[in-house]
Amino acid sequence: MSDLPKSDELFSHIDHRPPKGKDWMDIPVDIRPGMYCYSANPKSMETLSAPNVRKWNPLEEDWLLPDNWQEILHNGLKERLEKFRSFKVFMDICVRCGACADKCHYFIGTGDPKNMPVLRAELLRSVYRNDFTKAGKILGRLAGARPMTLEVLKEWWYYFFQCSECRRCSVFCPYGIDTAEITIMGRELLNLLGLNIDWIATPVSNCYQTGNHLGIQPHAFKDMLEFFVEDIEEITGVNCTPNYNKKGADILFITPSGDVFADPGTYTCMGYLMLFQFLKDKYGLDVTWSTYASEGGNFGFFTSHETMKRLNAKMYAEAKRLGVKWILGGECGHMWRVIHQYMDTMNGPADHLEVPVNPITGTTFENAASTKMVHITEFTADLIKHGKLDLDPRRNDNLKITFHDSCNPARGMGLLEEPRYVINNVANHFYEMPANTIRENTFCCGSGSGLNAGEDMELRMCGGLPRANAVKYMADKFDVNMLACVCAIDRAALPDLMNYWETGADVTGVHELVGNALILPGEKKRETDLRGEPLPGMEEEADE
């Protein structure tokens, strides 16, 4: 972050006025450091059997493309127009009304017109008109058409990787156009030329080889969880050692690897372990973790439909191998959009598993009848509603909490009430951000869809400005000091964002709050929370 401008300097340079006297087609692309991610590592691309594997630099003139690259893109676009009906519709029905223009956090934070969703889509739509419509072929630029050139290609790459596919724009489109789907198609076409970014390609490559984005081997995955077990036992006096790869367990639990290896997600992971130990001790629930399907996230979602399908399949293959009844999923973002919106047509229905029923409450999760996968906040909310958990919300009284609706679970899954219900039962001080910044209207963290790198920090801070602004408002009005979320990318990205825009808020997962409040059978008197900070009323004991 050393090259990142100071926040007041960055803010002062935002200008939403369109350039005078210039059409958007006449403004050349300016690829500059801080606003893009590094190109993909050739070794990672080889693992994925990607085309045109080579080392290339976006700042250099020659991108080392194959001689027939324009033909490859034309054929790829043609194939996708024929295969995906929604994509063809989205190419044809936009009237450029501009309803989406000011809804994108990247446009709000940068002022760059090409970050308006309508104009980002036009980057691809203009080539579609040129190659596939009569009006475009006859009238050319008058019909909004332009041929595919190297300049256009570079513009595609730059701006399709400045979209977090959050789908906020789609909420406001009167025609229901999903610009995120257009971004997905644009990235898929770029991958035909080997034009991926490393923050996507390497996690996908790792997931192919080891089962998780971080490339962690099974023994290291197990070691990390055992570190958490030791920490929990030191805090509570209770051993929460989980099952690993246990055949015949009731439920397979899968969470994003970020929860296992990156703060503050690690505290959320500790909350998972404590919850499962409580349910085992009190009700005999048998939950297993897998060291092979050790990733709920799906960076294939940011690569191609086929890659997404392959990574999604591993969870269900492991569930079948272990013979569990159904799958419980952790707090993740894109994991849940893939499950909720793509699973059935890609890999499902998962008929080798049972329709999920909570064995403790008897609740049938009808929404998961086909996918056989339940979000952990749904599961925990159901337990709380039926009085099955012993909770002391006063343990979170030092926290004044607001909630960030993670884009994919909120807009992509409709998971709105369950996290709030859980928070309100494990904490006493919860405050909602303004209505136009949450629920279906929620702003993105600015780092989703594979953009959570270090080299594009300026882009991330610009894109996260609307979210940070809402949190700052809550800090000023209600002294909010904690931002809760249900996404591993959020937990990794939001701390930097909160610090940069000086909101004064820290970041937590919902199940870290659950872990703090949960009264484990046989636990000793607790003096600290899961972060080792004194619990409310225990400050003097900690000093001693």
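Note that the structure is predicted; figures quoted are calculated from it, not measured.

A. Examining the pattern of salt bridges more closely. Enumeration over the complete set of coordinates arrives at 36 salt bridges. One salt bridge connects K222 with E226, and the closest N-O pair in it is separated by 2.6 Å. Remark: E226 and K222 occur in helix α12 (residues 218-236); sequence separation between them is four residues, near one turn of the helix. For K222, a relative accessible area of 31% puts it in the partly exposed group. A residue is classified by how much of its surface remains accessible, and E226, at 27% relative accessible area, is partly exposed. The shortest N-O distance in the salt bridge between R321 and E318 comes to 2.8 Å.

B. A negative patch on the surface, seen in detail. A surface patch of like charges, here negative, comprises E230, D231, E233 and E234. Locating E230 in the fold gives a position in helix α12.

C. Highlighting the domain arrangement of the chain. Structurally, the chain comprises domain 1 (7-30 + 51-195) and domain 2 (205-535). The distance between the C-alpha centroids of domain 1 and domain 2 comes to 33 Å. Contacts between the two partners involve 30 residues from domain 1, matched on the other side by 34 residues from domain 2. Here domain 1 and domain 2 share an interface that buries about 2500 Å² over both sides, 59% of which is from carbon and sulfur atoms. Summed over the shared surface of domain 1 and domain 2, the number is two salt bridges. Linking R337 and E181 is a salt bridge whose minimum nitrogen-to-oxygen distance equals 3.2 Å. At the junction of domain 1 with domain 2, the criterion picks out twelve residue pairs in polar contact (both at pLDDT 80 or more).

D. Inspection of the sheet that holds strand β8 (residues 506-509) at higher detail. Across the sheet, three strands lie side by side as β6-β7-β8; this open sheet has parallel pairing. With one partner strand each, in any of the chains shown, β6 (401-403) and β8 form the two edges of the open sheet. Neighbouring strand axes in the sheet, compared pairwise and without regard to direction, differ in orientation by 35° on average. Here strand β7 (residues 482-485) runs beside β8; their pairing, made up of four bridges, is parallel. Following the sheet pairing, A484 is matched in β8 by T508.

E. Representation of the pairing of β7 in the model. Of the two faces of β7, the one lined by M482 and A484 and the one lined by L483 and C485 are each fully buried. Here β6 runs beside β7; their pairing, made up of three bridges, is parallel. In the sheet register, I401 faces β7, and the bridge partner there is M482. Handedness of the crossover joining β7 and β8 through helix α22 (residues 488-500) is recorded here as right-handed.

Thresholds, definitions, all that
All residue numbers refer to positions counted from 1 along the written sequence of the respective chain. For this predicted model, a pLDDT threshold of at least 70 governs which residues receive local features, and a threshold of 80 or more governs which side-chain atom pairs are given and counted, while totals over whole chains, interfaces and linings are taken from all residues. Values reported for side chains reflect all heavy atoms of the structure, with hydrogen atoms and water molecules removed beforehand. For this analysis, a salt bridge means a side-chain nitrogen from Lys or Arg found within 4 Å of a carboxyl oxygen belonging to Asp or Glu. In DSSP terms, a helix is any run of H or I states spanning at least four residues, a strand is any run of E spanning at least two, and both are numbered starting from the N terminus. Buried means the residue's accessible area, taken with a 1.4 Å probe over protein chains only, is under 20% of the maximum for its type, while exposed means over 50%, and partly exposed covers the values in between. Candidates for patches are residues over 30% relative accessible area with no salt bridge; among them, like charges are joined within 9 Å and nonpolar side chains (Val, Leu, Ile, Met, Phe, Trp, Tyr) within 5 Å. All accessibility values rest on the Shrake-Rupley procedure with a 1.4 Å probe; residue burial counts only the protein chains present in the view. This count recognises Lys and Arg as positive and Asp and Glu as negative, with His and chain-terminal groups excluded. Taken as the charge centre is NZ of Lys, CZ of Arg, CG of Asp or CD of Glu, depending on the residue. Delimitation of the domains relies on an automatic or database domain assignment. We call two residues in contact whenever any of their non-hydrogen atoms come within 4.5 Å of each other. Defined in terms of a 1.4 Å probe, buried area is the accessible area two parts forfeit on being brought together, summed over both. The definition of a polar contact used here is a pair of N or O atoms within 3.5 Å, where within protein one atom must be able to donate a hydrogen and the other to accept one, and adjacent residues in sequence count solely through side-chain atom pairs. A strand pair is defined by DSSP finding two or more bridges across the two strands. As a rule, the C-alpha atoms of each element are fitted with a line to give its axis, helices using only the stretch in contact, and angles between N-to-C directions run from 0 to 180 degrees. A clockwise path from the first strand over the helix to the second, with the strands pointing away from the viewer, defines a right-handed crossover.

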